[in-house]
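One-letter residues, chain by chain:
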Amino acid sequence: MRGDRKSRGIQLSDHFTYKRLLEFTFPSIVMMVFTSIYGVVDGFFVSNFAGKTPFAAVNFIMPLLMILGCAGFMFGTGGSALISITMGTGQAGRANELFSLIVYGAAVCGILIMALGLVFLRPAAILMGAEGQLLEDSVLYGTIILLAIPFYILQYEFQCLFVTAGKPQLGLYVTVASGFTNMILDGVFVAVFSWGLAGAAAATALSQFVGGVVPLIYFGRKNSSQLRLGRCKFDGRALWRTCANGSSELMSNISMSVVSMLYNIQLMKYAGENGVAAYGVLMYVSFIFQAVFIGYSVGGAPVIGYHYGAKHDEELKSLRRKSMRLVGVFSLLMFLGGQILARPLSLIFVSYDRELLEMTVHGFAVFSFSFLLSGFSIFTSSFFTALGDGLTSALVSFCRTLVFQSGAVLVFPLLWGLDGIWLSVVAAEVLAAGVMVLFLVGKRKVYHY
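Asker: Honestly, the overall build of the protein chain in this entry has me stumped. Any pointers?
Answerer: When helices and strands are tallied, the protein chain shows 17 helices and 0 strands. Relative to the compact-globule value of 22 Å for 449 residues, the protein chain shows a C-alpha radius of gyration of 21 Å, a close match. Dimensions along the principal axes, computed over C-alpha positions, put the protein chain at roughly 60 × 45 × 40 Å. Counting the 449 residues in the protein chain, one finds 58% classified as buried. Long-range pairs, those at least 24 residues apart, make up 83% of the contacts in the protein chain between residues at least 6 apart in sequence. When the 30 basic and 22 acidic side-chain charges of the protein chain are each reduced to a single mean position, those positions are 14 Å apart.

So, in structure tokens, the structure goes:
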């Protein structure tokens, strides 16, 4: 019996111990961390081979590009919950139809976003305050990335759907392939051919093409997963449910990007171009750290959705308790890592400018306190998405990012100057933790967790 279970791998219907939960979510964690690492590679090569202004341009325009690309997470997380709940009720055929519909819907959405992005990129950069060389560099980088935005959206969507299909390791392999494509081409285009900012953008765009097309080929053919692309009827209600349920992740990513824009505006005011560059380093490292929480949440969401759909209340309670404890351990490790590695990580990006280096190290030492609480809010938002409660999930994300972080970054600098900008993230996470507790307590009888 044990050998048979091992041969078939871990299934969504299994009972999950801590060991099995970590084994199942580990590929998603590594996948998200790796995605964050190869996203940072652009910054490393641009900063060290192209200079401070192009590096600031990447950081300046990236929040806008993230807003456009985060539709993939909306389709991925919302669709993953809907598909896994459907699978939990035993409707395998219907689950495949939903899978196909959601993938096709995301592809069409990506094409529309690309077209609109190309039209409004320059006006948006000007509106955010870019001018001169910073404006031209921002538009150059953004234009090249936008050409690959449909594949970027599919890549993020499939990162969630690979887990739902019972193939988290395959999702990891695709991400690694995409990541190495970016890293290798960054070295060739930027360091060897000296193509600067355009080379870095081209490397990223080509890596996103790999990350989006390879899953299409895999799911478009007969495969060993639980899902396959095929014919489906248009179902507006199902697409609406997917988008509504995934709206929390959409809201979270949009809010984070809007907040990043506000940070850049405030940093230009209080610290100039150095402030934007320092914040860019913080964001790069933060993306890697936060990817642990996001990866765990993405990996665990289909399990939660399946057992909720199957009405396994005791397993649902167990999953919620175990996940909170694991997130607590991750949070402590992230905080300690931030304190210990602040200077070594900053040196990777800005060792060439002493003033910028000291600003970055100090900012990261303060910023890392936010890691103690951010993971709990990230998991809680994902938890409600997996239960099909997109509204509650969206409210948690909305309060955490757009309300608390925006409010803090506008007010705190008036009191403490530049330090107030770094402290605003920490204060926002404390307030978000309070909101998280209220929702978890208030909804426990509704979902029986």
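Still to come is the rest of the account.
Asker: Quick question: what am I supposed to make of the pattern of salt bridges here?
Answerer: Between side chains of opposite charge, a pair can form when the charged atoms approach closely. With the rule as written, the count across this model stands at 10 salt bridges. The partner of D353 in a salt bridge is K52, and the shortest N-O contact between them spans 3.3 Å. Placement of D353 in the loop between α13 (313-350) and α14 (354-367) and of K52 in helix α3 (residues 52-69) is noted, with a sequence separation of 301 residues between them. For R343, the salt bridge identified is with E358, shortest N-O distance 3.1 Å.

Asker: Is there a simple way to think about the packing of α3 against helix α12 (residues 272-309) in this case?
Answerer: Two numbers describe a pair of packed helices, the interaxial angle and the distance between the axes. The geometry of α3 relative to α12 is characterised by a closest axis approach of 9 Å and an angle of 60° between their N-to-C directions. In terms of axis orientation, α3 runs oblique to α12. Helix-helix and strand crossings are classified by hand; for α3 and α12 the assignment is left-handed. Here α3 contributes K52, T53, F55, A56, V58 and N59 to the contact with α12, which in turn contributes E273, N274, V276, A277, G280, V281 and Y284. Classifying every residue of the contact of α3 with α12 gives 7 nonpolar, 4 polar and 2 charged.

Asker: I tried to follow a nonpolar patch on the surface on my own but got confused; where do I start?
Answerer: Nonpolar side chains collect at one region of the surface, where Y270, L410, V411, L414, L415, W416 and L423 lie side by side and expose about 690 Å² of accessible area between them. If one sorts the elements of the nonpolar patch by residue count, helix α16 (residues 390-416) sits on top with 5 residues.

Asker: Sorry if this is basic, but what is going on with the confidence of the model for the protein chain here?
Answerer: Any segment with low pLDDT has predicted coordinates that should not be analysed in fine detail. Residues with a pLDDT of 70 or more make up 97% of the protein chain, whose mean pLDDT is 89. Note on residues 1-7: pLDDT under 50 across the span, and 1 contact to partners over four residues away in sequence or across chains.

Asker: For this particular structure, what's the right way to read the packing of aromatic side chains?
Answerer: Within a pair of aromatic rings, the relevant descriptors are the distance that separates the centres and the angle that separates the planes. Under the defined criterion, the tally for this structure stands at 31 aromatic pairs. Judged by centre distance (4.9 Å) and plane angle (55°), the ring pair of F335 and F369 falls under tilted. One end of the pair, F335, is in helix α13; the other, F369, is in the loop between α14 and α15 (371-386), and 34 residues separate them in sequence. The exposure class of F369 is partly exposed, given its relative accessible area of 39%. Where F379 meets F383, the ring centres are 5.7 Å apart and the plane angle is 35°; that geometry is what we call tilted. On the criterion of helical spacing, the pair formed by F379 and F383 is a turn pair, its members being 4 residues apart in helix α15. Residue F383 is classed as buried on the basis of its relative accessible area of 0%. Here a set of aromatic residues connected by ring pairs shows up, and it is made of Y296, Y308, F330, F379, F383, F384, Y447 and Y449. The residue whose ring lies beneath K322 is Y18, and the NZ or CZ to ring-centre distance is 5.5 Å.

Asker: Would you mind going over the nonpolar core with me for this structure?
Answerer: Among soluble globular proteins, nonpolar side chains are generally buried collectively. Among the nonpolar cores identified, the biggest contains 125 residues, and I83 and F99 are the most heavily contacted of them. Considering every element that reaches this core, the biggest residue donor is α12, with 19 residues. Dropping the residues within four chain positions of it, I83 is found in contact with A95, L98, F99, I102, L161, T164 and L227. C399, F404, A432 and V435 belong to the second largest nonpolar core, which has 5 residues in total.

Rules of the game
- Residues numbered from 1 in each chain as written.
- Predicted model: local features only at pLDDT ≥ 70, side-chain atom pairs only at ≥ 80, totals over all residues.
- Heavy atoms only, no water.
- Helix = DSSP H or I, 4+ residues; strand = E, 2+ residues; numbered from the N terminus.
- Rg over C-alpha atoms; globule rule 2.2 N^0.38 Å.
- Buried < 20%, exposed > 50% of the residue type's maximum accessible area, 1.4 Å probe, protein only.
- Contact = heavy atoms within 4.5 Å.
- Lys, Arg positive; Asp, Glu negative; His and termini not counted.
- Charge placed at Lys NZ, Arg CZ, Asp CG, Glu CD.
- Salt bridge = Lys/Arg side-chain N within 4 Å of Asp/Glu carboxyl O.
- Axes fitted to C-alpha atoms, helices over the stretch in contact; angles between N-to-C directions.
- Parallel < 35°, antiparallel > 145°, perpendicular 65-115°, else oblique.
- Left-handed = near helix turned anticlockwise from the far one by under 90°.
- Nonpolar A, V, L, I, M, F, W, Y, C, P; charged D, E, K, R; others polar.
- Patch = residues over 30% accessible without salt bridge, like charges linked within 9 Å, V, L, I, M, F, W, Y side chains within 5 Å.
- Areas by Shrake-Rupley, 256 points an atom, 1.4 Å probe, with all protein chains shown as cover.
- pLDDT = per-residue confidence, 0-100.
- Phe/Tyr/Trp six-rings, centres within 6.5 Å; stacked < 30°, edge-to-face > 60°.
- Lys NZ or Arg CZ within 6 Å of the ring centre and 35° of its normal.
- Core = buried A, V, L, I, M, F, W, Y, C linked by side-chain atoms within 4.5 Å.

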